[in-house]
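# Structure at a glance
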4 protein chains.
Amino acid sequence: MMAGSVNKVILIGHLGADPEIRRTQDGRPIANLRVATSETWRDKVTGDRKERTEWHSVVIFVEGLAKVAEQYLKKGSAVYLEGQLQTRKWQDQSGQDRYTTEVVLNGFHCNLTLLGSPGGGNRPPPAGSPEDYGRESSRTPSGGATGPSFSSDLDDDIPFAPEWRG
Amino acid sequence: MMAGSVNKVILIGHLGADPEIRRTQDGRPIANLRVATSETWRDKVTGDRKERTEWHSVVIFVEGLAKVAEQYLKKGSAVYLEGQLQTRKWQDQSGQDRYTTEVVLNGFHCNLTLLGSPGGGNRPPPAGSPEDYGRESSRTPSGGATGPSFSSDLDDDIPFAPEWRG
Amino acid sequence: MMAGSVNKVILIGHLGADPEIRRTQDGRPIANLRVATSETWRDKVTGDRKERTEWHSVVIFVEGLAKVAEQYLKKGSAVYLEGQLQTRKWQDQSGQDRYTTEVVLNGFHCNLTLLGSPGGGNRPPPAGSPEDYGRESSRTPSGGATGPSFSSDLDDDIPFAPEWRG
Amino acid sequence: MMAGSVNKVILIGHLGADPEIRRTQDGRPIANLRVATSETWRDKVTGDRKERTEWHSVVIFVEGLAKVAEQYLKKGSAVYLEGQLQTRKWQDQSGQDRYTTEVVLNGFHCNLTLLGSPGGGNRPPPAGSPEDYGRESSRTPSGGATGPSFSSDLDDDIPFAPEWRG
DNA sequence: TTTT
DNA sequence: TTTT
């Protein structure tokens, strides 16, 4: 491409069912979610209230985020997520080409955040645990100062060491 | 929804073909775009460079943005766009249910911005015209924009009145 | 700009205090929020859990959204919001130039969504009312079909009539 | 926070000056950018065309992205970037507290993409090089990316394995 | 199939 | 201080 490209999806919605977990041959989880987003409006002519719900298929390949999904999400959970659009081609029983578009969380530029579950209150992953679930543990918080009082030693307590990115 | 929901797609990519323009019965344009995004990476094992291109179907219902697409976009144009995910159900010739997922620009929370065209240099819509193409004309950098009447704002020409923010 | 520009901020966080409401001369509300976002990580060396909280100043000029803030937000409320970055210049008592950067919700491309309040359960604006609060009332839901079975009459029940955008 | 929080800034704009590069004690670059975004509108009363430009201070701590900035960005370059808002406190000469808000690229959820430079055509980083500049090299379009070890993925070169998604 |  |  002439210039870098961007492919980003941001959703806030609720799960229509418990996550489905699959596993790779070496046991890492992959989570599939069905997420509903909805919007309401009032018909300008009749004044009736209307609602439209959109259903999204979400696939989480990032191991740490798939584990969070497995452990903390359930039917009805509210989530914030960032991923990218991907369309897969497959063949139906009659051999015809079919296409399915999914929101994929994979590699960088992905995110999954719990916004609460029905019944379960708004309980996030218990303190001490999310960092044990892979990538999210490594979220770097800040880089400190860059202005007048700029000071060095950026990696003192910064999760993503350079070797990570090298 | 327990809490409001969000359904947002952000793409930067290039058009794979000229926009297709359809029209409503009363003549307003609806633009369909095919937009490619791509990412490259290096195979960790072989070290080979790899690329994956994703194609997105985009439908622009916002009149002003569809006119911009009609007039300024062509095969190869680079665009930034914001819309939402929608999946439509339809029947194929054999009567089977089929689903197509598109990025839809409709209502608020949408955006379309030209990032340059091949050959045509990086020429944006000519000065003086974009505002004539519908919604974008109505962008009120401050105040305003609260309802159909749109009229009369104190601060039409005082975009960001500091006295309000103390 | 050679190419259109984009200036977008997306926050999910909690209010550190009740909204402050100011009013324009003609009585329209402007809401100021203090929103906290936080992130946690584990120190790679010591293993200690760390947290960093960022505070954001948010100003809502969109009348409908300011009314929602006034009526439904309070200290502790969780919100999703989309706005843009703006830096204001002002003079302190000694006459020196000072700068303040805020997240401004103004014109198009803004959004404010409640994600729940403490104590108050996760009660959103009561049914029937949000549409009475200005711009959000006009959120258009969808545009219908564009593919194989494309059918006309897009405006039948679509809030944003063309006159709105023209 | 009750629920995870999000702090995201997305900008498309132009550099007002060449990047400023600082270095940590161990030689890693940190890039500071001044990025302009602008918007135009027509005064609803006078019909005059108006423009407002916003200037953003951007700090890039991610080593690979800072190197890209150092090598490929210059005054006038157009960029897409994703980072987060951070406000630093510092003391001026008179000892007074001052605050500066910046867009920080640090850790995950960051991005920097070139959209073209004046004169320089729309030339992106030369093929073969971007992967040599740190983090971006590590983008794993699928699987992978779960921790510092990074090693051995079944699917290193099968970016989007369909058999996993049924 | 969620949520309000 | 960019860009158009």
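Residues numbered from 1 in each chain as written. Chains lettered and ligands numbered in written order. Predicted model: local features only at pLDDT ≥ 70, side-chain atom pairs only at ≥ 80, totals over all residues. Heavy atoms only, no water.

- By the naming in an unreviewed UniProt entry, chain A goes by Single-stranded DNA-binding protein and is assigned to Ciceribacter ferrooxidans.
- Recorded in UniProt for chain A, the comment headed Subunit (unreviewed entry) runs: "Homotetramer." (UniProt positions renumbered as here; feature names shortened; annotations may be inferred.)

## Focus: helix α1 (residues 63-72) of chain B
- Burial analysis of α1 of chain B places seven of its ten residues in the buried class, the great majority of the element.
- Within α1 of chain B, burial applies to Glu-63, Gly-64, Leu-65, Ala-66, Val-68, Ala-69 and Tyr-72 of chain B. (Buried < 20%, exposed > 50% of the residue type's maximum accessible area, 1.4 Å probe, protein only. Helix = DSSP H or I, 4+ residues; strand = E, 2+ residues; numbered from the N terminus.)

## Describing the pattern of salt bridges
- Throughout the structure, instances matching the rule amount to 40 salt bridges over all chains.
- Between Glu-70 of chain A and Arg-23 of chain A there is a salt bridge, with its nearest N and O atoms 2.6 Å apart. Remark: Arg-23 of chain A occurs in strand β2 (residues 20-23) and Glu-70 of chain A occurs in helix α1 (residues 63-72); sequence separation between them is 47 residues.
- Given the relative accessible area of 35%, Glu-70 of chain A is considered partly exposed.
- Residue Lys-8 of chain C is joined to Glu-82 of chain B by a salt bridge in which the shortest nitrogen-to-oxygen separation is 3.2 Å. Here Lys-8 of chain C is found in strand β1 (residues 6-15), whereas its partner Glu-82 of chain B is found in strand β5 (residues 78-91) on a different chain.
- Using a relative accessible area of 1% as the deciding quantity, one classes Glu-82 of chain B as buried.
- Via salt bridges that share partners, Lys-8 and Glu-82 of chain A together with Lys-8 and Glu-82 of chain D belong to a single interconnected network. (Salt bridge = Lys/Arg side-chain N within 4 Å of Asp/Glu carboxyl O.)

## Observations concerning the side chain of His-109 of chain B
- Topologically, His-109 of chain B is positioned in the loop between β6 (97-105) and β7 (111-116).
- For His-109 of chain B, a relative accessible area of 11% puts it in the buried group.
- For His-109 of chain B, the side chain forms a polar contact with the main-chain oxygen of Cys-110 of chain C, separated by 3.1 Å. (Polar contact = N/O pair within 3.5 Å; in protein donor to acceptor, adjacent residues only side chain to side chain.)

## Thoughts on the state of the cysteines
- Using the criterion set out here, one finds zero disulfides over all chains in the structure.
- With no disulfide of its own, Cys-110 of chain C has Cys-110 of chain B as its nearest cysteine by sulfur position, at a separation of 13 Å.
- The class of Cys-110 of chain C is buried, set by a relative accessible area of 1%. (Disulfide = S-S within 2.5 Å.)

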